[in-house]
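Observations on the model geometry
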Amino acid sequence: MSHSTEKVKVLIIGSGPAGYTAAIYAARADLKPVLYQGLQPGGQLTITTEVENYPGYPEGTMGPEMMEDFRKQAERFGTDIRFGYATAVDFTGPIHKVVIDGEKTIEAEAVIIATGASAKWLGLESEQRLNGFGVSACATCDGYFFRKQDVAIVGAGDTAAEEATYLAKLCNKVYMIVRRSEMRASKAMQHRVMNTPNIEIHWNSETVEVIGEKTVSGVKIKNVQTGETKVLHVTGFFVAIGHSPNTAIFKDWLELDENGYIKTKPGSTYTGIPGVFAAGDVQDHIYRQAVTAAGTGCMAAIDAERWLASQEKI
Ligand code: NDP
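To start, this report covers the structure provided alongside it. (Residues numbered from 1 in each chain as written. Predicted model: local features only at pLDDT ≥ 70, side-chain atom pairs only at ≥ 80, totals over all residues. Heavy atoms only, no water.)

A closer look at unusual backbone geometry
Of note, K32 is a non-glycine position whose phi angle comes to about 50 degrees, a positive value. On the secondary structure map, K32 appears in the loop between helix 1 (17-28) and strand 2 (34-36). A residue is classified by how much of its surface remains accessible, and K32, at 57% relative accessible area, is exposed. Residues other than glycine seldom take positive phi values, yet R288 does so here, at roughly 50 degrees. You can see R288 is positioned in the loop between strand 19 (276-278) and helix 7 (290-310). (Helix = DSSP H or I, 4+ residues; strand = E, 2+ residues; numbered from the N terminus. Buried < 20%, exposed > 50% of the residue type's maximum accessible area, 1.4 Å probe, protein only.)

Here's the deal with the pattern of salt bridges
If you walk through the whole model with that rule in mind, you get twelve salt bridges. Salt-bridge contacts for K9 lead to E109; the nearest nitrogen and oxygen are separated by 3.3 Å. Separated by 100 residues along the polypeptide, K9 in strand 1 (residues 4-13) and E109 in strand 8 (residues 104-113) bring together distant segments of the chain. In this structure K9 comes out as partly exposed when scored by relative accessible area, which is 25%. Taken together, the shared-partner salt bridges in this structure form one network comprising E6, D80, R82 and K104. (Salt bridge = Lys/Arg side-chain N within 4 Å of Asp/Glu carboxyl O.)

Observations regarding the sheet that holds strand 11 (residues 150-154)
Judged by pairing direction, the sheet is parallel, and its five strands sit side by side in the order 10-17-11-12-13 without closing on themselves. Pairing within the sheet leaves two strands with one partner each, and these edge strands are strand 10 (135-136) and strand 13 (199-202). Of the strand pairs in this sheet, strand 12 (residues 173-177) and strand 13 are connected by four bridges, and their pairing is parallel. Bridge pairing in strand 13 places V174 opposite I199. (Pairing = 2+ DSSP bridges.)

Let's talk about the sheet that holds strand 15 (residues 218-223)
Strand order across the open sheet formed by three strands is 14-15-16, with antiparallel pairing between neighbours. In the strand order of this sheet, the two ends are held by strand 14 (205-211) and strand 16 (229-232), each with one partner. Adjacent strand axes in the sheet meet at a mean angle of 25 degrees when their direction is disregarded. Here strand 14 runs beside strand 15; their pairing, made up of six bridges, is antiparallel. Residue pairing across strands places E209 opposite K220, the latter belonging to strand 15. (Axes fitted to C-alpha atoms, helices over the stretch in contact; angles between N-to-C directions.)

Right, here's the structure in full:
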């Protein structure tokens, strides 16, 4: 296959709130941004239902619809939005090279990385084998398939607590598998979980195996204190143990923290490489909100514009 090359001024990688907001600002600054959407156009908000905490929507809005609005707004100012996934980068020279789908190289003067984060998995063979056949990392996407059935969810953070209560409304019974004797989730969320009668918590428990040939029929758990194992008879198994940043292709070029998030200069979106900026969840392990991602997307476009001006590239 022939490998083509294209030169652009500003390349944005990612299509969540950070990427689209960077695009809105860059396009309005006449930087003619090209944006590649990645594997999940619209990002993590497309797999949520209601968003109630994004300012400007007093009645709340749906995540997928909100991301459609972000996309349209970026397009309205002339962002060139494309399907495609960044598979490699070369940040050696003053011109930054980003390979798309292994077959095309974009040469950009400035790059804004907004690749976000993805769900973590336990790493069990059975979990991988039954992924999509009863195993899911998104209760709000897949919970509906298990209505009136019994399901299990692993995790004890705010996501797990939120998803457990969501599942409890649809499902007959929800088993929550918690590895310690306490939850990490906020007190308010824990309170909601404890007050939901059809959620049953299994403390100090780890998942040994997801059981099932073609689809999930159970999950084997082990109490780490007593060593006792038991099988929960469920048809759905949800994993809600956090996220990892999508930074694999950048690890040889940019400084990452111990969890793999891109390090930016405090109070800015500058990475260690001039002309490469990072915004949104890929560089934020603390706030991880749509509105903070959008905020840093705006910062990245402004940082890129000022940096290009300082290099006399615009
Ligand atoms: P967190 O990192 O906060 O929690 C992950 C949970 O998964 C922890 O309870 C952790 O256990 C558990 N866990 C991790 N690895 C394993 C494993 N291998 N086996 C079993 N359990 C495991 O992730 P969340 O996605 O819940 O939240 C991320 C951020 O988003 C947080 O800051 C959260 O507050 C925020 N958030 C806020 C919401 C809201 O305000 N409405 C909703 C959702 C998220 P342990 O505690 O033992 O480490």
